[in-house]
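# Geometric and topological summary
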Amino acid sequence: MRHAFLTDTQIDARALAHRRGLGFADDEAVDAMTLLARLKTRYPEFAYERVPDGSLGEAEAQWDSLEKRLLIRESVFQAAERGEGRALMTVAHEVGHALLGHDGNLNRAPAGSRAERVSAKLRSMEYQARRYAAAFLIPDTPAVRLLDASALSERYRVSMSAAIVRHSELRSGESARALPLRQASLDL
């Protein structure tokens, strides 16, 4: 599949549509275990696997588009079970790769990896997955736009740094709010 360029507005719209399509209310925090279960129900070919720490190198998780399988490092999986914001963002990042149709073995590792620096396509897919994760976990709705970063972090159970970045995106007009409602209700 050819990699598609998506604008921030398109990414936000898809994330909102996917969030709603998976049954998460706009004012509800996403629980990683519930997300994985709903993905498996909605997409029977989707699978996830807990893997030993170190088996993915420095990556925290990895999406394998060929196998339709999400590999999650054991320590990240346990952190996600406890509801830790960074682990939740990692799972949402990989789900972004899956639901945006990215091809290849893609993973959440420290930004700016050698591969990202060399490949514009990989850099674009990683950016899209990061943006998607934030938009999936903190939807762009009129009520959400009224919240400050602290309230976003608390309500959506994400790290304060993720909430600050998303708050800035929502305030700067880089979000899906300009899209017609019909576009925000894209089918999964």
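Read on for a plain summary of the structure.

Quick look at the packing of helix α2 (residues 32-42) against helix α3 (residues 74-81) now. Put simply, α2 and α3 touch, their axes get as near as 8 Å, and they point 105 degrees apart. When the interaxial angle is binned, α2 and α3 end up roughly perpendicular. In this structure, α2 contributes Ala32, Met33 and Leu36 to the contact, and α3 contributes Phe77, Ala80 and Glu81. For the contact of α2 with α3, the residue count by class is five nonpolar, no polar and one charged.

The end-to-end C-alpha separation of helix α9 (residues 160-172) is 18 Å, in line with the 18 Å expected for 13 residues at 1.5 Å each. Among the residues making up α9, those that are buried are Ala162, Ala163, Arg166, Glu169 and Leu170. Take α9 and look down its axis: the buried residues cluster within an arc of 125 degrees, on one side only. Buried residues along α9 sit in contact with α1 (8-21), α4 (85-99), α6 (120-137), α7 (142-145) and α8 (149-156).

Looking now at the packing of α4 against α6. It is the contact of α4 with α6, at a shortest axis distance of 8 Å, that shows an interaxial angle of 120 degrees. The angle between α4 and α6 places the two elements in the oblique class. Here α4 and α6 pass one another in a crossing that is right-handed. Residue-level inspection shows Leu88, Met89, Ala92, His93, Val95, Gly96, His97 and Leu99 of α4 in contact with α6, the latter providing Met125, Glu126, Ala129, Arg130, Tyr132, Ala133, Ala134 and Leu137. Of the residues that constitute the contact of α4 with α6, the class distribution is eleven nonpolar, three polar and two charged.

Here we take up the pattern of salt bridges. For the structure on display, the rule yields twelve salt bridges. Put simply, Glu60 and Arg86 hold a salt bridge, and the shortest N to O gap is 2.7 Å. Of this pair, Glu60 sits in the loop between β1 (47-51) and β2 (61-64) while Arg86 is found in helix α4, placing the two residues 26 residues apart along the sequence. Assessed through its relative accessible area of 47%, Arg86 is described here as partly exposed. Its salt-bridge partner being Arg82, residue Glu84 comes within 2.8 Å of it at the nearest N-O pair. For Glu84, a relative accessible area of 37% translates into the label partly exposed. Among the charged side chains, a salt-bridge network with shared partners connects Asp8, Asp12, Arg131, Arg166 and Glu169.

Tallied over the entire structure, the rule returns four aromatic pairs. For the ring pair Phe46 and Trp63, a centre distance of 6.0 Å and an interplane angle of 15 degrees mean the geometry is stacked. Remark: Trp63 occurs in strand β2 and Phe46 occurs in the loop between α2 and β1; sequence separation between them is 17 residues. Accessibility classification places Phe46 together with Trp63 in one group, the buried group. Ring centres of Tyr48 and Phe77 lie 5.9 Å apart, and the angle between their planes is 20 degrees; on these two criteria the pair is classed as stacked. Taken together, the residues span a long stretch of sequence, with Tyr48 in strand β1 and Phe77 in helix α3 at a distance of 29 residues. In this structure Phe77 comes out as buried when scored by relative accessible area, which is 3%.

Calculation notes
- Residues numbered from 1 in each chain as written.
- Predicted model: local features only at pLDDT ≥ 70, side-chain atom pairs only at ≥ 80, totals over all residues.
- Heavy atoms only, no water.
- Axes fitted to C-alpha atoms, helices over the stretch in contact; angles between N-to-C directions.
- Helix = DSSP H or I, 4+ residues; strand = E, 2+ residues; numbered from the N terminus.
- Parallel < 35°, antiparallel > 145°, perpendicular 65-115°, else oblique.
- Contact = heavy atoms within 4.5 Å.
- Nonpolar A, V, L, I, M, F, W, Y, C, P; charged D, E, K, R; others polar.
- Expected span 1.5 Å × (residues − 1).
- Buried < 20%, exposed > 50% of the residue type's maximum accessible area, 1.4 Å probe, protein only.
- Arc of directions from axis to C-beta.
- Left-handed = near helix turned anticlockwise from the far one by under 90°.
- Salt bridge = Lys/Arg side-chain N within 4 Å of Asp/Glu carboxyl O.
- Phe/Tyr/Trp six-rings, centres within 6.5 Å; stacked < 30°, edge-to-face > 60°.

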